[in-house]
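Residue strings, one per chain:
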Amino acid sequence: MVELIEIRKEFSTGFIPRKTEVLKGLTFKVEKGEVFGYLGPNGAGKTTTIKILMNLIDASSGSASINGIDVNKTVARSTVGYLPEQPYFYHYLTGFEFLDYIGTLFKLSENKRKMKAEELLEQVGLKDAKDKPLGKYSRGMLQRIGIAQALINDPDILILDEPLSGLDPVGRKEIIDLIIERKFLGNTIFFCSHILADTEQFCDRVGIIQKGRLIAEGKLSEILNKDDSGKNIEIVFNTEENFDISVAEKLGYLRKISNSMYGLKVDHVDNANEVLQKLMASNAKIHTVKRYKQSLEDLFLETIK
């Protein structure tokens, strides 16, 4: 459904223009009916990738297609719903008027536009705010109306740049449920997000990009714990003020849970006793010892080191 082949993108920056390569031979596919999470730190090239797919900017080289059609052709985006990272709204329009206007861009009939607007406002939890000007919407409400406009044309493909941004936990849950519903309806969903715990709930596959290169890709079920023999454990411990954190860093993969609490992954259960003794000798207070289960956040942080 979505395919990029050897995509490169250069920008010229500075008073004396210097070329900076933002995307460096990016190649991947998003298959029909799957939810693909596109992850990476700020500045990695995620939004640039999406802008190329939406033909908002041109790639320096390589090819990109949607439904087998080159993205340079307008028809490629006829079945796409798109939410940019920072959408702009006409603040004087109400929520209903805005969706009605978007419907005209897709040449929907008046009856179809009004029906879809009412339906989508209810789906994203804005039914009671449909007559309120967008200029008076909160950040979370604007994100919801952005999701609604991306669905106005009943798209086969959704391309969403940070769809969970600015939402409270209830709002995130509602939008996640909506994304899952669209997946069950057969939609293909390609999205970026920094909220990894939520992303892990509904992704089929993920791709991790860093400095313009795809450094990890695959099904979550395959790439999480792919090296786990079933004997990995995690020791969760609290630290005192005089604890030397470098001691723990030498013992395994360390993740920070809070200001004074850490989780230490030990590669094999047979090493646990030795590691525990070293931690306790360094004034660490052991909290729990449990089977290690890698999360998407763990994978992300390990990969982008």
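Being a predicted model, the structure only gives us computed values, none of them experimental.

About the criteria used
Residues numbered from 1 in each chain as written. Predicted model: local features only at pLDDT ≥ 70, side-chain atom pairs only at ≥ 80, totals over all residues. Heavy atoms only, no water. Helix = DSSP H or I, 4+ residues; strand = E, 2+ residues; numbered from the N terminus. Contact = heavy atoms within 4.5 Å. Areas by Shrake-Rupley, 256 points an atom, 1.4 Å probe, with all protein chains shown as cover. Lys, Arg positive; Asp, Glu negative; His and termini not counted. Charge placed at Lys NZ, Arg CZ, Asp CG, Glu CD. Core = buried A, V, L, I, M, F, W, Y, C linked by side-chain atoms within 4.5 Å. Buried < 20%, exposed > 50% of the residue type's maximum accessible area, 1.4 Å probe, protein only. 1 Å grid on protein atoms, 1.4 Å probe; cavity = no way out; pocket = protein on both sides within 12 Å on 5 of 7 lines; lining within 4 Å. Points joined across faces, edges and corners; volume = space filled by probe spheres on them. Nonpolar A, V, L, I, M, F, W, Y, C, P; charged D, E, K, R; others polar. Expected span 1.5 Å × (residues − 1). Pairing = 2+ DSSP bridges. Axes fitted to C-alpha atoms, helices over the stretch in contact; angles between N-to-C directions. Phe/Tyr/Trp six-rings, centres within 6.5 Å; stacked < 30°, edge-to-face > 60°. Lys NZ or Arg CZ within 6 Å of the ring centre and 35° of its normal.

## Let's talk about the overall build of the chain
Line of reasoning, step 1. When helices and strands are counted, the chain shows ten helices and 14 strands.
Line of reasoning, step 2. Counting only C-alpha atoms, the chain reaches 75 × 45 × 40 Å along its principal axes.
Line of reasoning, step 3. Residue pairs in contact within the chain that sit at least 24 positions apart in sequence constitute 68% of those at least 6 positions apart.
Line of reasoning, step 4. Counting every atom, the chain has about 15,700 Å² of accessible surface; 48% of that belongs to carbon and sulfur.
Line of reasoning, step 5. Mean positive and mean negative side-chain charge positions of the chain (42 and 43 charges, respectively) differ by 3 Å.

## Here's the deal with the nonpolar core
Line of reasoning, step 1. Grouped together as the largest cluster of nonpolar side chains are 49 residues, with contacts concentrated most on Phe 98, Leu 99, Tyr 137, Ile 145 and Leu 160.
Line of reasoning, step 2. Counting residues per element, this core draws most heavily on helix H4 (residues 139-150), at six residues.
Line of reasoning, step 3. When near neighbours in sequence (up to four residues on either side) are disregarded, Tyr 137 contacts Gly 95, Leu 126, Ala 129, Lys 130, Lys 132, Leu 142 and Ile 145.

## Remarks on the layout of surface pockets
Line of reasoning, step 1. Computed from the structure, the largest pocket encloses a volume of approximately 520 Å³.
Line of reasoning, step 2. As for the largest pocket, its lining consists of 20 residues, and the residues nearest its centre are Tyr 82, Pro 84, Ile 102, Leu 105 and Gln 149.
Line of reasoning, step 3. Those elements that provide at least two residues to the lining of the largest pocket are strand E6 (80-83), helix H2 (95-105) and H4.
Line of reasoning, step 4. Looking at the lining of the largest pocket residue by residue, the class counts come to 15 nonpolar, four polar and one charged.

## With respect to H4
Line of reasoning, step 1. Over its twelve residues, H4 runs 17 Å from end to end, which matches the ideal 16 Å to within 8%, given 1.5 Å per residue.
Line of reasoning, step 2. Taking burial as the measure, the twelve residues of H4 include eleven buried ones, the bulk of the element.
Line of reasoning, step 3. Listing the buried residues of H4 in full gives Gly 140, Met 141, Leu 142, Gln 143, Arg 144, Ile 145, Gly 146, Ile 147, Ala 148, Gln 149 and Ala 150.
Line of reasoning, step 4. Buried positions along H4 lie against E6, H2, helix H3 (110-123), strand E7 (157-161) and helix H5 (169-184).

## Some points on the sheet that holds strand E5 (residues 69-70)
Line of reasoning, step 1. Spatially, four strands are ordered E2-E1-E4-E5 in an open sheet, and the strand pairing comes out antiparallel. Looking at strand neighbours, the two that pair on one side only are strand E2 (18-30) and E5, the edges of this open sheet.
Line of reasoning, step 2. When strand E4 (residues 61-66) meets E5, the two strands line up antiparallel, connected through two bridges. Bridging from a neighbouring strand, Ile 66 pairs with Ile 69 of E5.
Line of reasoning, step 3. Packing against the sheet, helix H1 (residues 46-53) makes contact with strand E1 (2-13), E2 and E4, and its axis sits at approximately 115° to E1.

## Description of the packing of aromatic side chains
Line of reasoning, step 1. In this structure the tally under the stated criterion is twelve aromatic pairs.
Line of reasoning, step 2. Ring plane angle 20° and centroid distance 5.9 Å describe the contact between Phe 237 and Tyr 262, whose orientation is recorded as stacked. Here Phe 237 is found in strand E11 (residues 233-238), whereas its partner Tyr 262 is found in strand E13 (residues 261-266), with 25 residues between them in sequence. The burial state of Phe 237 is the same as that of Tyr 262; both residues are buried.
Line of reasoning, step 3. A cation over a ring is seen here: Lys 9 above Phe 11, with NZ or CZ 5.0 Å from the ring centre.
Line of reasoning, step 4. The positively charged end of Lys 130 is found above the aromatic ring belonging to Phe 96, 5.9 Å away from the centroid.

Function cannot be inferred from these measures alone, as they are strictly geometric.
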